[in-house]
Amino acid sequence: MAKDKKIKEKNCRLGTVGGEAVLEGVMMKGKEGLMGVAVRKEDGSVVVTKEQTTSIRKKHKILNIPIVRGVVGMVESFILSYRVLNISAEVYGLDESEEPSKFEKWLDKTFGKNLMDVVMSIALVLGVALAMGLFFFLPIIITKAIEVMAVGGDGLFGFWGDFFAKKSSFGETWSLFTEEWRSVASLLDKGQTAGLGTWKSVIEGVIKIVIFIAYLSLVSLMKDIRRTFQYHGAEHKSIFCYESGAELTVENVKKFKRFHPRCGTSFLFVILLISIAIFSLPFIPWDNPWLRFAIKLPLMPLVIGLGFEFIMFAGKHDNIVTRILSAPGLLMQRITTREPDDDQIEVAIIALKTALPGDFPDFVPPTEENLKKALEESENKEEEIPEDNKDDEQGA
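Residues numbered from 1 in each chain as written. Predicted model: local features only at pLDDT ≥ 70, side-chain atom pairs only at ≥ 80, totals over all residues. Heavy atoms only, no water.

Chemist: Honestly, the pairing of strand β2 (residues 25-30) in this entry has me stumped. Any pointers?
Modeler: Walk down a regular strand and you will see the side chains alternate between the two sheet faces. Burial runs high along β2: 5 of the 6 residues are buried. Relative to β2, strand β1 (residues 17-22) runs antiparallel, the two being bridged by 6 bridges. Paired with Ala21 across the bridge in β2 is Val26. Where β2 lies against strand β3 (residues 34-40), 5 bridges are found, and the strand directions are antiparallel. Counted as the bridge partner of Val26 is Ala38 from β3. Hairpin connection of β2 to β3: 3 residues between the antiparallel strands, including Gly33 at a positive phi of 95 degrees. (Buried < 20%, exposed > 50% of the residue type's maximum accessible area, 1.4 Å probe, protein only. Helix = DSSP H or I, 4+ residues; strand = E, 2+ residues; numbered from the N terminus. Pairing = 2+ DSSP bridges.)

This is the structure:
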């Protein structure tokens, strides 16, 4: 009986807190919307920024219905991520020991306090453009190329045999090759020859997954990104520790795994898998990449919504089915998370306790205001020490 009660108490904590890694820190947000962003500064101190957030889904119940809530949640997540990255960058600061360049001085003079917002906005635009290119257009182009090569066969590549046998020049071979390529592509577009059929969508999806894995693997080689992935691991471990009901200490957190089923990495991977099925529907054309993109774009909310529902379900139900379906996303976390050190775990614990004051009423988060207050109290205590005591201390 006592065991069942303990399990129920633990399960009540599932899904009550979430977070993300930021620049040299961790953001945690509780179910009531309180957010804590803990950042370790260059001097080793940890500073917390605490804010109350309210989801639009709480204001408008219609936005909380299945599928719709996933789309709204993802939009809010993007906005929040932009906000917390900005906060972490401002708190962590830059190396002020170096003399700023003329360009940096011009930027500071032109934009002032808005400089970070400008930088983040440019990064956001470039990031969206890169994502569109990598995950929308590039897979379509590569898939079309594979189809042309598969249909063209020897007729498409036979010219290169003459080239390597030195029976024709490179220019002549290339001209014949491109002419045959256009001919095969034209037949496919007009439906006058059989292509890869529904396999095209599967190939396109596999290409997206390969690009996704390759991209994450490459960026993980960067030192700063590796540290962010360590904080990502600290975030997962501390949430697991909290959900288990164990005391939130560095030693306890280190015992837990760094792969979490509700992770954003798993969410993105699930979206890729769902998109393969949705974009295989027959009314989505292949003959025109721009038309295909235009039709796929309005279907993205459905894909996102389905992915969100699955991630939420998997995060609250641990059984053989959810474990199998969650396995690919969890494998991806072997790239996007790293084992954190003790200092990084400490930052994650501080962020989590800040976001859940109801569970940790005695915890005082090290916000700028609290740190300033503590410093003033310390200075006041020093001033209150009697002169006789000071003389005794000096004499000793």
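Chemist: Which parts of the structure should I look at to understand the sheet that holds β3?
Modeler: The strands making up a sheet associate through hydrogen bonds between their backbones, and the pairing can be parallel or antiparallel. The antiparallel open sheet is built from 4 strands, whose spatial order is β1-β2-β3-β4. Two strands in the sheet have a free side with no partner beyond their single neighbour: β1 and β4 (46-52). Across the sheet, the axes of successive neighbouring strands diverge by a mean angle of 15 degrees, strand direction being ignored. Lying over the sheet, helix α8 (residues 223-244) contacts β1, β2 and β3, oriented at roughly 165 degrees with respect to β1. The strands that helix α13 (residues 342-355) touches are β2, β3 and β4; relative to β3, the one it contacts most, it runs at about 160 degrees. (Axes fitted to C-alpha atoms, helices over the stretch in contact; angles between N-to-C directions. Contact = heavy atoms within 4.5 Å.)

Chemist: Which parts of the structure should I look at to understand unusual backbone geometry?
Modeler: Outside of glycine, negative phi angles account for most residues, and trans bonds account for most peptide bonds. Phi at Glu24 is positive, roughly 50 degrees, even though this residue is not glycine. In this fold, Glu24 is placed in the loop between β1 and β2. Phi at Ile67 takes a positive value of approximately 75 degrees, unusual for a residue other than glycine. Within the element layout of this structure, Ile67 appears in the loop between α2 (56-59) and α3 (68-92).

Chemist: Honestly, the side chain of Thr367 in this entry has me stumped. Any pointers?
Modeler: Here Thr367 lies in the loop between α13 and α14 (368-384). For Thr367, a relative accessible area of 10% gives the class buried. When residues no more than four places from it in sequence are discounted, the contact partners of Thr367 are Val48 and Lys50.

Chemist: Help me out: how do you make sense of the nonpolar core in this one?
Modeler: Side chains of a nonpolar character, in soluble globular proteins, are inclined to be buried together. Formed by 24 residues in total, the largest nonpolar core has its most connected members in Met28, Ala38, Tyr242, Leu248 and Leu352. For this core, the secondary structure elements donating two or more residues are β1, β2, β4, α8 and α13. Leaving out residues up to four positions away in the same chain, Tyr242 has contacts with Arg13, Thr16, Val17, Leu248, Leu352, Leu356, Asp359 and Phe360. Ranked by size, the runner-up nonpolar core spans 18 residues in total, among them Phe267, Ile271, Leu299 and Phe310. (Core = buried A, V, L, I, M, F, W, Y, C linked by side-chain atoms within 4.5 Å.)

Chemist: Teacher, can you tell me more about empty space enclosed by the protein here?
Modeler: Sizing a probe to match a water molecule and rolling it over the atoms shows the empty space that remains. Scanning the model with the defined rule gives 1 cavity of 30 Å³ or more in all. Considered as a void within the structure, the largest cavity measures approximately 40 Å³ in volume. Listing elements by their share of the lining of the largest cavity, those giving two or more residues are α10 (264-278), α11 (289-316) and α12 (320-336). Among the elements that make up the lining of the largest cavity, the one with the highest residue count is α12 (3 residues). In terms of residue class, the lining of the largest cavity is made up of 5 nonpolar, 3 polar and no charged. (1 Å grid on protein atoms, 1.4 Å probe; cavity = no way out; pocket = protein on both sides within 12 Å on 5 of 7 lines; lining within 4 Å. Points joined across faces, edges and corners; volume = space filled by probe spheres on them. Nonpolar A, V, L, I, M, F, W, Y, C, P; charged D, E, K, R; others polar.)

Chemist: It is not clear to me how the packing of helix α7 (residues 199-219) against α12 should be interpreted in this structure. Could you clarify?
Modeler: Running from N to C, α7 and α12 cross one another at 25 degrees; their axes reach a closest spacing of 9 Å. Comparing their axes, α12 and α7 come out roughly parallel. Mapping the contact onto sequence places Phe212, Ile213, Leu216 and Ser217 in α7 and Met332, Ile335 and Thr336 in α12. For the contact of α7 with α12, the class distribution of residues is 5 nonpolar, 2 polar and no charged. (Parallel < 35°, antiparallel > 145°, perpendicular 65-115°, else oblique.)

Chemist: Hey, could you run me through the environment of Ile209 in this one?
Modeler: Mapped onto the elements of the fold, Ile209 is located in helix α7. It is 8.4 Å that separates the C-alpha atoms of Ile209 and Leu273, two residues lying 64 residues apart in sequence. Apart from residues lying up to four places away in sequence, Ile209 is in contact with Phe269, Leu272, Leu273 and Ile276.

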